[in-house]
Amino acid sequence: MGVPFEALLPFGIMLAMFGISGAGLSKIRHMQNGGKRARHSIDQWDRQMMDRDRRLTGYLRGQTDKVVAPPGFELNNPWRTEKRIY
């Protein structure tokens, strides 16, 4: 005796929802990376360069070919310093 198709409808709906949510999350991650593929195995150097690129361009994965840094970048230091007590 065969399986009635009504019993398979919930499985089809669940499969469709998993596919839609996976595609949506993939698209959101793609948009957050500035249209580039997601990065894996990021070490400290890559994080430092990505932070520098974010401070230069405003995007985490953005890069620029300008020779001169934008105005205000000289004060945009990622290092946190202590407050001096005089």
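Each chain has its residues counted from 1, following the order in which its sequence is written. Local features in this predicted model are restricted to residues whose pLDDT is 70 or higher, and side-chain atom pairs enter the listing and the counts only when it is 80 or higher, whereas totals over whole chains, interfaces and linings include all residues. The basis for the side-chain values is all heavy atoms of the structure; hydrogens and waters are excluded.

Identification of the protein chain as NADH dehydrogenase [ubiquinone] 1 alpha subcomplex subunit 1 from Letharia columbiana is taken from an unreviewed UniProt entry. UniProt positions are given in the numbering used here, feature names are shortened, and annotations may be inferred rather than shown by experiment. As recorded by UniProt, the Function (unreviewed entry) comment attached to the protein chain reads in full: "Accessory subunit of the mitochondrial membrane respiratory chain NADH dehydrogenase (Complex I), that is believed not to be involved in catalysis. Complex I functions in the transfer of electrons from NADH to the respiratory chain. The immediate electron acceptor for the enzyme is believed to be ubiquinone." One UniProt comment on the protein chain, placed under Sequence similarities (unreviewed entry), says "Belongs to the complex I NDUFA1 subunit family."

Within the protein chain, the secondary structure is distributed over two helices and zero strands. When the 86 residues of the protein chain are sorted by exposure, 9% land in the buried category. A total accessible area of about 8300 Å² is found for the protein chain, and carbon and sulfur atoms account for 61% of it. Helix numbers and strand numbers start at the N terminus; a helix is a DSSP run of H or I with at least 4 residues, a strand a run of E with at least 2. Here's how the labels work: a residue is buried when its accessible area is under 20% of the maximum for its type, exposed when over 50%, partly exposed in between, all with a 1.4 Å probe on protein chains only. Here, Shrake-Rupley sampling with a 1.4 Å probe gives the accessible areas, and only protein chains in the shown set may cover a residue.

On to a nonpolar patch on the surface, then. Excluding any residue in a salt bridge, patches collect residues exceeding 30% relative accessible area, merging like charges within 9 Å and nonpolar Val, Leu, Ile, Met, Phe, Trp and Tyr side chains within 5 Å. Within this document, salt bridges are pairs made up of a side-chain nitrogen of Lys or Arg and a carboxyl oxygen of Asp or Glu, the two lying within 4 Å of each other. On the surface, Val3, Leu8, Phe11, Met14 and Phe18 cluster together into a nonpolar patch covering about 580 Å² of accessible area. Take phenylalanine 11: it is sitting in helix H1 (residues 5–32).

In total, this model carries four salt bridges according to the counting rule given. A cluster of three or more residues bridged by salt bridges with shared partners is formed by Asp51, Arg54 and Arg55.

Bringing the environment of lysine 36 into the picture now. Turning to its location among the elements, lysine 36 is positioned in the loop between H1 and helix H2 (44–57). For lysine 36, a relative accessible area of 33% translates into the label partly exposed. The residues touching lysine 36, leaving out its near neighbours within four places in the chain, are His30 and Arg61. Within the structure, the side chain of lysine 36 is placed 2.8 Å from the backbone oxygen of arginine 61, a separation counted as a polar contact. We call two residues in contact when some of their heavy atoms are within 4.5 Å. N or O atoms within 3.5 Å of each other form a polar contact, as long as, within protein, one can give a hydrogen and the other can take it, and as long as residues adjacent in sequence are counted only when both atoms are side-chain atoms.

Tracing the backbone shows tyrosine 59 in the segment after H2. Judged by its relative accessible area of 60%, tyrosine 59 falls in the exposed class. As for tyrosine 59 and glycine 34, which are separated by 25 residues in sequence, their C-alpha atoms are 7.3 Å apart. Every residue in contact with tyrosine 59, bar those within four places of it in the chain, is listed here: Asp53 and Arg54.

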